[in-house]
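Here are the chains, one letter per residue:
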Amino acid sequence: QVQLVESGGGLVQPGGSLRLSCVGSGFALSLYAMRWSRQGPGKGRETVGTIFSDGRTLSEDSVSGRFDISRDVEENAIYLEMNNLKTEDTAVYYCVRLRGNYWGQGTQVTVSS
């Protein structure tokens, strides 16, 4: 059974940093393209970035240079390192396995002073 569990969200001030984690179970995460997506208040879902099975990463323009995606094969996890956070980054962040369209439950990130 494929499961994805995100953690690491919280309240942070503008300019601050957070690191989100997504742990997978029921499959080897490193064999699949994985994505971080988010949904802000009153907004639709938005892709944040993708890490492919070969380790390549691709970030959306809105977060490029501020957010970084990484992977730990032994932990069967991916991470989203978020720096220089802005109020517009406030959203529920989801971990997604693209094949099969599996989503985690999400973790809330709130950027506010």
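Please refer to the structure placed before this passage.
Since the model is a prediction, treat every value here as computed from it, not as a measurement.

Draft legend 1. Quick peek at the nonpolar core. One finds M34, W36, F67, I78, L80, M82 and Y93 to be the most contacted residues of the largest nonpolar core, which totals 24 residues. Put simply, the parts of the chain that give this core at least two residues each are β3 (18-25), β4 (34-39), β5 (45-51), β7 (67-72), β8 (77-82), β9 (91-97) and β11 (107-111). Not counting chain neighbours up to four residues away, the residues in contact with Y93 comprise E6, L20, S37, R38, V48, F67, L80, M82, G106, T107 and V109.

Draft legend 2. Fine view of the sheet that holds strand β1 (residues 3-7). The sheet built from four strands is open, its strands ordered β1-β3-β8-β7 with antiparallel pairing. Looking at the sheet topology across the chains shown, the edges are occupied by β1 and β7. Strand-to-strand twist across the sheet, computed as the mean angle between neighbouring axes with direction ignored, equals 15 degrees. Note: β1 against β3, five bridges, orientation antiparallel. Its bridge partner lying in β3, V5 is registered against V23.

Draft legend 3. Highlighting the packing of aromatic side chains. Considering all chains together, one arrives at two aromatic pairs under this definition. Pairing F27 with Y32 gives two aromatic rings, centres 5.5 Å apart and planes at 80 degrees, and the pair type is edge-to-face. In this structure F27 comes out as buried when scored by relative accessible area, which is 10%. Seen from their ring centres, Y94 and W103 are 5.5 Å apart, and the 70 degrees between their planes marks the pair as edge-to-face. Residue Y94 is classed as buried on the basis of its relative accessible area of 14%. With relative accessibility at 29%, the residue W103 sits in the partly exposed group. Sitting above the plane of the W103 ring, R45 keeps its charged end 4.1 Å from the centroid. Lying over the aromatic face of Y32, R97 brings its terminal NZ or CZ to 4.0 Å of the ring centre.

What counts as what
Residues numbered from 1 in each chain as written. Predicted model: local features only at pLDDT ≥ 70, side-chain atom pairs only at ≥ 80, totals over all residues. Heavy atoms only, no water. Core = buried A, V, L, I, M, F, W, Y, C linked by side-chain atoms within 4.5 Å. Buried < 20%, exposed > 50% of the residue type's maximum accessible area, 1.4 Å probe, protein only. Helix = DSSP H or I, 4+ residues; strand = E, 2+ residues; numbered from the N terminus. Contact = heavy atoms within 4.5 Å. Pairing = 2+ DSSP bridges. Axes fitted to C-alpha atoms, helices over the stretch in contact; angles between N-to-C directions. Phe/Tyr/Trp six-rings, centres within 6.5 Å; stacked < 30°, edge-to-face > 60°. Lys NZ or Arg CZ within 6 Å of the ring centre and 35° of its normal.

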